[in-house]
Amino acid sequence: MRRIILEASAAVFAVKLGFYEGKLYAKDRSEVELVKQKNLLSDGIVPSREEQELKLSGSSSTGPFDVLVIGGGATGSGVALDAASRGLRVGLVEREDFSSGSSSRSTKLLHGGVRYLEKAFFNLDYGQLKLVFHALEERNRVIQNAPHICRALPTMTPCYSWFEVVYYWTGLKVYDLVAGSGILRLSRYYTAQKAANVFPTLAKECNGRKLRGAVVYYDGQMDDSRLNVGLACTAALAGAAVLNHAEVISLHKDENSGRIIGARVRDNLTEKEFDVYAKVVVNAAGPFCDALRKMADSGVANIICPSSGAHVVLPDYYTPADMGLIIPKTKDGRVVFMLPWRGKTLAGTTDSSTTITDQPQPHAEEIDFILHAIEDYLNIKVRCSDILSTWSGIRPLATDPSAKDTASISRDHIVHVDYPGLITITGGKWTTYRSMAEDVVNAAVKHGELNPSRGCATADLSIVGADGWEPSYFVELAQSYVRRKKTRDGKVVPGAMDTSIAKHLSCAYGNMAKHVASIAQDENLGKRLAHGYPYLEAEVAYCARNEYCETAIDFIARRTRLAFLDANAATQALPRVIEILAVEHGWDKERQEKEHQNAEAFLRTFKAAVTDLMSQPQGK
């Protein structure tokens, strides 16, 4: 205790003296206002896919982009937005869909770095303490710039000894002090009775120990793929040429200097190939960045150390609607969490070693571990039959090629010039995507001798849908629109824009929800896609027209989260989703059948681990 208090005091003292090397942003908001003006003039309607591909293929060796970003995850989309908002000419290509990889398979938390704080104290590591300050600063920026998609979430840590009460309470109070004005809300202690009242399924006894109380702190929660898509669309509104389902098949080198000057790109929807030229190419391919680095130099050593986290979705009765549960240390030392998310309960673990694959999925053993871990802390039976969906995400932890100790794994991000004209950005985490993007654009400006007309604007730049949005916006939707829907016999039936649907639209699309509501009202697309879920047919049409939704998987997995929330419900919604997309994109019967096959194969990855577990004798 004495050591903790002394180190906590040192941390607070460091904050008060301003030892953290934070970044200063100019008070001139002209960059932000310029991007906002573009959004207003277009009413948030992005350029079409055809226009974007034309812009990309229209580049040349004599008229290149300033920056070509490869990878449309959180970091890549953030880089495109940062560079475009500085006035640079920007292109972005993504092999699959925006957020199709790691960025849609996160824990949905915007971490303030509380675990880094513990490491900083016990290891006397100022570097870890800086990570805490940085994470807190960036967490607040993400919430500020996308308030409709993000929220503050209280999270409980149950304590089954008085030592745990004192230890966690002290640590979180230090965390409050370190957060300062960046705190979401103060942490607090709950008595055992209050903890049980707030979290009714919490066990009052665990492994022979009685519940002594609980400590509660606040972190941020988001819808990761909705945020990622918003970043890509905002980049497009800021002038970037963004294209999903466009794969880099080779890199171009200047014949004289050997410098990377662009890439050969294939549109995976049409099989059309074209060249894109740029002064600097940014490799933001996440777990796959080593493959891209080897296109430039086949002899480079891998820098990615892939780590995965398995996730299970359970019914809402496992957790209260507004309280999560963190188990800080299981029997094998991992962290397990249970979080309310989109009306369900999300349970999962932190890092474990894995291999890089296009469609990662958890193993039955991982799912069984999660169920056993949470069962110890609950007073209800945890059943395998309750599982609605499972998935696994790959986190691209990296070794810094320029570091002397190449064995060390970085929890922070790495910006590295692999080859003249090629810059790799990897590592880091969702919470710090914006500052990662800023760092790599700064590096690109220097490396490519670029001339941005403005400075970095993203610290205060709202994503599309956020400007002017208020938490009460759903009321305006409910009062202003009806949702007309066609019955099976073809009749048009009016229905209310009820509260659950209005809240969903408001939180998913922000002030752009009015466009979705208009489609539901004016085009008779107001029917729900799946029973028990607020997703509307109108969303399929809107996302196809204005969010680059090009496949059925794009919609069920990333424009909405139905596949992640409930694989069976996504399967039920699939035929209608494909029917509407076929109208929007002009698909023939062959393409529609292909969409069915691809989506069904994709959805099986969300069920496979459960099927395997149920087939085992020890399956719950």
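Residues numbered from 1 in each chain as written. Predicted model: local features only at pLDDT ≥ 70, side-chain atom pairs only at ≥ 80, totals over all residues. Heavy atoms only, no water.

Participant: Could you clarify how one ought to interpret the nonpolar core in this entry?
Facilitator: Among the nonpolar cores identified, the biggest contains 115 residues, and L505, Y509, A563 and V577 are the most heavily contacted of them. If sequence neighbours within four positions are ignored, A563 has contacts with S389, I556, A557, A570, F602, L603 and F606. (Core = buried A, V, L, I, M, F, W, Y, C linked by side-chain atoms within 4.5 Å. Buried < 20%, exposed > 50% of the residue type's maximum accessible area, 1.4 Å probe, protein only. Contact = heavy atoms within 4.5 Å.)

Participant: Honestly, the packing of helix α17 (residues 552–559) against helix α19 (residues 567–585) in this entry has me stumped. Any pointers?
Facilitator: Any two packed helices are characterised by the angle at which their axes cross and by the distance between the axes. One way to put it is that α17 packs onto α19 with a least axis distance of 9 Å and a crossing angle of 120 degrees. Taken as axis vectors, α17 and α19 run oblique relative to one another. Seen from above, α17 lies across α19 with right-handed handedness. Facing A552, F555 and I556 of α17, the residues of α19 in contact are L574, V577, I578 and L581. In the contact of α17 with α19, the residues fall into 7 nonpolar, no polar and no charged. (Axes fitted to C-alpha atoms, helices over the stretch in contact; angles between N-to-C directions. Helix = DSSP H or I, 4+ residues; strand = E, 2+ residues; numbered from the N terminus. Parallel < 35°, antiparallel > 145°, perpendicular 65-115°, else oblique. Left-handed = near helix turned anticlockwise from the far one by under 90°. Nonpolar A, V, L, I, M, F, W, Y, C, P; charged D, E, K, R; others polar.)

Participant: I would appreciate a short explanation of the pairing of strand β12 (residues 273–283) in the present structure.
Facilitator: Regular strands have side chains that alternate between both faces of the sheet. Of all 11 residues in β12, 8 are buried, a share of seventy percent or more. Relative to β12, strand β1 (residues 65–70) runs parallel, the two sharing 5 bridges. Paired with I70 across the bridge in β12 is N283. With 5 bridges connecting them, strand β11 (residues 260–267) and β12 associate as antiparallel partners. Bridge assignment links R264 to a residue of β12, and that residue is D275. The antiparallel pairing of β11 with β12 creates a hairpin that spans 5 residues between the two strands, and E271 there sits at a positive phi of about 70 degrees. Relative to strand β20 (residues 422–427), β12 runs parallel, the two being bridged by 3 bridges. By the bridge assignment, N283 is partnered in β20 with T424. (Pairing = 2+ DSSP bridges.)

Participant: Could you clarify how one ought to interpret the side chain of E138 in this entry?
Facilitator: Tracing the backbone through its elements, the reader meets E138 in helix α6 (residues 126–145). What E138 contacts, discounting residues up to four positions off in sequence, is T431, T432, R434 and S435.

Participant: I tried to follow helix α3 (residues 49–57) on my own but got confused; where do I start?
Facilitator: Along an α-helix, residues three or four apart share an orientation, since each turn contains 3.6 residues. Residues R49, Q52, E53 and L56 constitute the buried set of α3. Considered in projection along α3, the buried side chains sweep an arc of 95 degrees and stay on one side of the axis. Looking at α3, the residues exposed on the side facing more than 90 degrees away from the buried face are E50 and L54. As for α3, its buried residues are in contact with β1, β2 (90–93), α9 (224–237), β9 (241–243), β11 and β12. (Arc of directions from axis to C-beta.)

Participant: Can you help me understand the domain arrangement of the chain in this one?
Facilitator: Interface size, as often reported, equals the accessible area lost upon joining of the parts. Taken domain by domain, the chain consists of domain 1 (43–104 + 225–305 + 409–448), domain 2 (146–219 + 310–395) and domain 3 (472–615). Placing the centre of domain 1 and that of domain 2 at their C-alpha centroids yields a distance of 35 Å. Contacts between the two partners involve 11 residues from domain 1 and, on the opposite side, 8 residues from domain 2. Contact between domain 1 and domain 2 buries roughly 840 Å² in total, counting both sides, with carbon and sulfur atoms accounting for 55%. (Domains from an automatic or database assignment. Buried area = accessible area lost by both parts, 1.4 Å probe.)

Participant: What am I meant to see in the pattern of salt bridges here?
Facilitator: When the charged atoms of two side chains with opposite charge come close together, those side chains can pair. Applying the stated rule across the entire model yields 35 salt bridges. K108 is paired through a salt bridge with D224; the nearest N and O atoms lie 2.7 Å apart. Residue K108 is found in the loop between β2 and β3 (109–110), and its partner D224 is found in helix α9; the two are separated by 116 residues along the sequence. Across this residue pair, the class does not change: K108 and D224 are buried. Of the charged contacts in the structure, one is a salt bridge between R141 and E138, with a shortest N-O distance of 2.9 Å. Taken as a pair, R141 and E138 lie in helix α6 at a separation of 3 residues, close to a single helical turn. One network of salt bridges, with partners in common, ties together K108, D223, D224, R342 and R561. (Salt bridge = Lys/Arg side-chain N within 4 Å of Asp/Glu carboxyl O.)

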